[in-house]
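Secondary and tertiary structure notes
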Amino acid sequence: MTTVERLEELQHRALQDPALREELLATRQEPDAYAAFCKKSQALAEEITPKDLIMAAAAFNASDRRSTNGGGENSPKLEGEDDFYEMFFAALEA
C-alpha cells in the first residue's frame, strides 16, 4: 500500500469517526506536528513516517513533471499541489 493510499484510508476512517478526526487534527498543535501525526497514524496501523510524506510528494512531483511538456521543467507547480499532509488536513477540515 502506498503512502497516498494509507492517507486516504486514514482520512476515510477519520471522516467516519469524529473522535478520531479530532485526535488527528490535534496533532497539528504539537511542536513537531509531522512526527505527532505519524506516531498517531502508526498507532492506528497505518505505517506512515515523515520521510514517507516527503517522498510521496517528491515522487508525485517528479511523475507530474515527466508527463507534461515533454518531461521538461516548464510546468509550473501550484502551491500545495503535492503536499499530501496538508491536503489530508484540508479534507478533514472541510
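The structure displayed is predicted, hence computed values, not measured ones.

**Describing the overall build of the protein chain**
- Helix and strand content of the protein chain: five helices and zero strands.
- Reading the helices (α) and strands (β) of the protein chain from amino to carboxyl end gives α-α-α-α-α.
- Evaluated residue by residue, the protein chain yields a buried proportion of 32% over its 94 residues.
- In the protein chain, 57% of the contacts between residues at least 6 apart in sequence involve partners at least 24 apart.
- Total accessible area computed for the protein chain in this model is approximately 5800 Å², and 52% of it derives from carbon and sulfur atoms.

**Some details on helix 5 (residues 84–93)**
- Within the sequence span of helix 5, burial applies to F84, Y85, F88, F89 and L92. Viewed along the axis of helix 5, the buried residues span an arc of 135°, placing them on a single side of the element.

**A look at the pattern of salt bridges**
- One pass over the structure, following the stated rule, counts six salt bridges.
- With a closest N to O distance of 4.0 Å, R6 and E46 form a salt bridge. Here the residue R6 occupies a position in helix 1 (residues 3–16), and E46 occupies one in the loop between helix 3 (33–43) and helix 4 (50–67), the gap between them amounting to 40 residues.
- E23 is the salt-bridge partner of K40, the closest N and O atoms lying 2.4 Å from each other. Of this pair, K40 sits in helix 3 while E23 sits in helix 2 (residues 18–26); the two residues are 17 residues apart in sequence, bridging distant segments of the chain.

**Some details on the packing of aromatic side chains**
- Under the criterion given, the structure shown has six aromatic pairs.
- Centre to centre, the rings of Y85 and F89 are 5.0 Å apart; their planes meet at 70°, and the pair counts as edge-to-face. With Y85 and F89 both in helix 5 and four residues apart, the pair spans about one turn of that helix. A single burial state applies to Y85 and to F89, both of which are buried.
- An angle of 90° between the planes, with centres 5.1 Å apart, marks the rings of F88 and F89 as edge-to-face. Per residue, the accessibility class of F88 equals that of F89, and both read buried.
- Following the ring pairs from residue to residue traces out a cluster consisting of Y34, F37, Y85, F88 and F89.

**Some thoughts on the nonpolar core**
- Counting 18 residues, the largest nonpolar core has L7, L24, F37, L53, F88, F89 and L92 as the members making the most contacts within it.
- Listing elements by their share of this core, those giving two or more residues are helix 1, helix 2, helix 3, helix 4 and helix 5.
- If sequence neighbours within four positions are ignored, L53 has contacts with T3, L7, Y34, F37, C38, I48 and Y85.

Cut-offs used in this document
Residues numbered from 1 in each chain as written. Predicted model: local features only at pLDDT ≥ 70, side-chain atom pairs only at ≥ 80, totals over all residues. Heavy atoms only, no water. Helix = DSSP H or I, 4+ residues; strand = E, 2+ residues; numbered from the N terminus. Buried < 20%, exposed > 50% of the residue type's maximum accessible area, 1.4 Å probe, protein only. Contact = heavy atoms within 4.5 Å. Areas by Shrake-Rupley, 256 points an atom, 1.4 Å probe, with all protein chains shown as cover. Arc of directions from axis to C-beta. Salt bridge = Lys/Arg side-chain N within 4 Å of Asp/Glu carboxyl O. Phe/Tyr/Trp six-rings, centres within 6.5 Å; stacked < 30°, edge-to-face > 60°. Core = buried A, V, L, I, M, F, W, Y, C linked by side-chain atoms within 4.5 Å.

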